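Take a look at the letters that make up each chain.
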Amino acid sequence: MDRRNFVETTAVLGAGALLGVKGSVGAESEQLQGNSRFAPSAPMIGIQVGAVSFVDEGTNAVLDRLQEDAAVNTLFLATFTYGRGIGGRQPRGSPLPDHGKQEYDDAYRGGNFATPHAQYYVKTSIAPEKAPEHPGYDIIADVLPNARRRKMRVYCWFEDVFRRDVSGFEKAAEIDLNGKTTGQTCHRNPNARNFWLALVQDYLRSYDVDGLMWGSERQGPLHNALSASHDGDPTIGCFCPHCLDAAKKEGINADRAHEGFAQLLRWRQSLAGSSRPSDGAFVTFWRVLLKYPELLAWEQLWMDGLRDTYRDMYRLAHEIAPAKGIGWHIWHNNSFSPFYRAEHDYREYGEYSDFLKVVMYNNCGGPRLARYVKNVNGTIFADLTPQQTLDFMYGVQQYRELPLDRIAQEGLSADYVLRETRRAVAGSPESVKIWPGIDIDIPTGANEKRTQPDDVYQAVKAAFEGGAAGVLLSRKYSEMRLANLRGAGRAVRELKKA
Ligand SMILES: [Zn+2]
């Protein structure tokens, strides 16, 4: 039986079958579970958690709480980042939750929250910095034995977020259209590639963790030129020697690509100005694309760099630890941008993935989708009204939520989680586990949707109804309110009982 049939059948049988509870749903479902590798005898209930929580609240106190309140069985430790999304406490501007130290950590820097072992970093210019937040504290060394005693699994969770002042970073950075170094790594630059490979080695050789998850919340230059994301990265790259060389090998004319991007930026400016093109935004965009097909080729070239990064990390991880899983955090933009969605074919991910954490944050998804609509409504879809733009996104991405004037305040529904889970399950090979990312208290703006316990409860239930092999509570425990966390626990316990 293939997984699609399995999912459809179990949806009829009820969610209890998905959680593999014997005796409650009859022999037929037990047989189904036995026949499908997808049947989760113990679904993955994961949470992302950073060093500051263990330091502030005590390791065993945190683990007790995660087990009791949210039925968590897998920890995704934030082991490397310079960002605030998964590291540190709640940044100033958002309320601190009802646990942890009630103090903002404005001086946060980030880095490696375990212990970098220098021998693995000899082939990269990037300095392996120990995060200065917790001197002498190694998150993996501390948590792993405590988690093992509780039969909890431990994954290292690290992401492509840097600071420009990290020593050696500039030798790994993307070069933009103007020849300037950016704050992003070039996926093709050996210093960047080898840094990620060094982390893979370091985490798998220095510690007996259960697996790795890495994420890169970025896209290529064409999509950036269209502002086709919710957070509007303006980088137009990469024009570094490594990428120019790769283009040459592919027979792509870099000068033409350069010229095309310059023209595209002029097109953007014309849309913002008072004398908009008489043929409208979409037609004139397509005209630039027809004249410079190198724009598409450069986007593809950028994406190939990311795919090769996945491929190399996957290969190395499996060389070191064949039985351990490695997978990827798939950026929220996959729910908003059909352009990004087209670039991330889950079937193709099967070549280099054991699991995918597909971000389906439905609470902050409302404000984020509204922001995405605003961004593309200023570029490629400037001929449409904002609501028409949103209707188009709903239509081509096959989910439908509230109108534009309500999504920022009310968020997206559990039905969105259900549909996105089903899409991921149906679109990926059977060998790839789908673990939807569920959001709890990700900061939003004033008067925008805030997570409530029932939101989490409904989203977790929807993910399992959609055929998920687990869920991953995100982004970090240090920003989650406990009542909301308990919404996840309630859903899991109910499903187990069903
Ligand atoms: Zn490059």
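Residues numbered from 1 in each chain as written. Predicted model: local features only at pLDDT ≥ 70, side-chain atom pairs only at ≥ 80, totals over all residues. Heavy atoms only, no water.

Another point: the overall build of the protein chain. On a plain count of helices and strands, the protein chain comes out with 21 helices and twelve strands. The C-alpha atoms of the protein chain give 23 Å as radius of gyration, which agrees with the globular expectation for 498 residues (23 Å, within 12%). In terms of overall dimensions, the protein chain has a C-alpha envelope of 65 × 50 × 45 Å along the principal axes. Within the protein chain, the proportion of its 498 residues that are buried is 59%. Contacts in the protein chain between residues far apart in sequence, at least 24 positions, make up 77% of those at least 6 positions apart. Carbon and sulfur atoms provide 50% of the accessible area of the protein chain, an area that totals close to 19,200 Å². (Helix = DSSP H or I, 4+ residues; strand = E, 2+ residues; numbered from the N terminus. Rg over C-alpha atoms; globule rule 2.2 N^0.38 Å. Buried < 20%, exposed > 50% of the residue type's maximum accessible area, 1.4 Å probe, protein only. Contact = heavy atoms within 4.5 Å. Areas by Shrake-Rupley, 256 points an atom, 1.4 Å probe, with all protein chains shown as cover.)

Bound to the zinc ion are the protein donor atoms Cys186 (SG), Cys238 (SG), Cys240 (SG) and Cys243 (SG), situated 2.3 Å from the metal. Of note, the zinc ion draws all its donor residues from one chain, in the sequence arrangement C-x51-C-x1-C-x2-C. Taken together, the residues Cys186 in the loop between β6 (181–185) and α7 (190–206) and Cys238 in the loop between α8 (221–225) and α9 (241–250) connect sequence positions 52 residues apart. Across the pair, Cys238 and Cys186 agree in class, each one buried. (Donors = N, O, S within 2.8 Å, 3.2 Å for Na, K, Ca; no water.)

The subject of this paragraph is the environment of Ala71. Its place among the elements puts Ala71 in the loop between α5 (59–70) and β2 (74–81). For the pair Ala71 and Ala488, spaced 417 residues apart in the sequence, the C-alpha separation amounts to 7.8 Å.

For helix α10 (residues 254–272), built from 19 residues, the straight-helix expectation of 27 Å at 1.5 Å per residue is met to within 8% by its first-to-last C-alpha distance of 27 Å. Residues of α10 that are buried include every one of Ala254, Ala257, Gly260, Phe261, Leu264, Trp267 and Leu271, and no others. Across the axial projection of α10, the buried residues extend over an arc of 125 degrees, all falling on one side. Turned more than 90 degrees off the buried face of α10, the exposed positions are Asp255, Arg266 and Gln269. Elements in contact with the buried residues of α10: α8, α9, α11 (281–291) and α12 (294–320). Measuring from the backbone nitrogen of Asp255 back to the side-chain oxygen at the start of α10 gives 3.0 Å, which picks out Asn253 as the cap. (Expected span 1.5 Å × (residues − 1). Arc of directions from axis to C-beta. Polar contact = N/O pair within 3.5 Å; in protein donor to acceptor, adjacent residues only side chain to side chain.)

Bringing the packing of aromatic side chains into the picture now. In the structure shown here, the tally under the stated rule is 36 aromatic pairs. Look at Phe339 and Phe381: their rings are 6.3 Å apart centre to centre, the planes differ by 20 degrees, and that puts the pair in the stacked class. Of this pair, Phe339 sits in helix α14 (residues 338–343) while Phe381 sits in the loop between α16 (365–377) and α17 (386–397), and the two are 42 residues apart along the sequence. Accessibility expressed as a relative area gives 23% for Phe339, which makes it partly exposed. In this structure, Arg84 is placed above the aromatic ring of Tyr108, and the distance from its NZ or CZ to the ring centre is 4.5 Å. Above the plane of the ring of Tyr457 lies Arg490, whose end atom (NZ or CZ) is 3.8 Å from the centre. (Phe/Tyr/Trp six-rings, centres within 6.5 Å; stacked < 30°, edge-to-face > 60°. Lys NZ or Arg CZ within 6 Å of the ring centre and 35° of its normal.)

Glancing now at the nonpolar core. Formed by 136 residues in total, the largest nonpolar core has its most connected members in Leu75, Phe158, Tyr203, Trp328, Val460, Leu473 and Leu485. For this core, the element with the most residues is α12, which contributes eleven residues. Apart from residues no more than four positions distant in its own chain, Tyr203 is found in contact with Thr79, Phe80, Asn112, Ala114, Ile140, Cys156, Phe158, Val209 and Leu212. Residues Met44, Ile86, Met213 and Leu472 belong to the second largest nonpolar core, which totals eleven residues. (Core = buried A, V, L, I, M, F, W, Y, C linked by side-chain atoms within 4.5 Å.)

Turning to empty space enclosed by the protein, a few remarks are in order. In total, this model carries four cavities of 30 Å³ or more according to the counting rule given. There is about 60 Å³ of room inside the largest cavity. Val52, Ser53, Asp56, Glu57, Arg89, Leu96, Pro97, His99, Gly100, Lys101 and Ser478 are the residues that line the largest cavity. Per-class residue counts for the lining of the largest cavity are three nonpolar, four polar and four charged. (1 Å grid on protein atoms, 1.4 Å probe; cavity = no way out; pocket = protein on both sides within 12 Å on 5 of 7 lines; lining within 4 Å. Points joined across faces, edges and corners; volume = space filled by probe spheres on them. Nonpolar A, V, L, I, M, F, W, Y, C, P; charged D, E, K, R; others polar.)

Here the residue pair Gly237 and Cys238 is connected by a cis peptide bond, since its omega of 0 degrees sits within 30 degrees of zero. Here the residue pair Ser474 and Arg475 is connected by a cis peptide bond, since its omega of 0 degrees sits within 30 degrees of zero. The topology assignment puts Arg475 in the loop between β12 (470–474) and α21 (482–497). Non-glycine residue Ala71 carries a positive phi angle of around 55 degrees.

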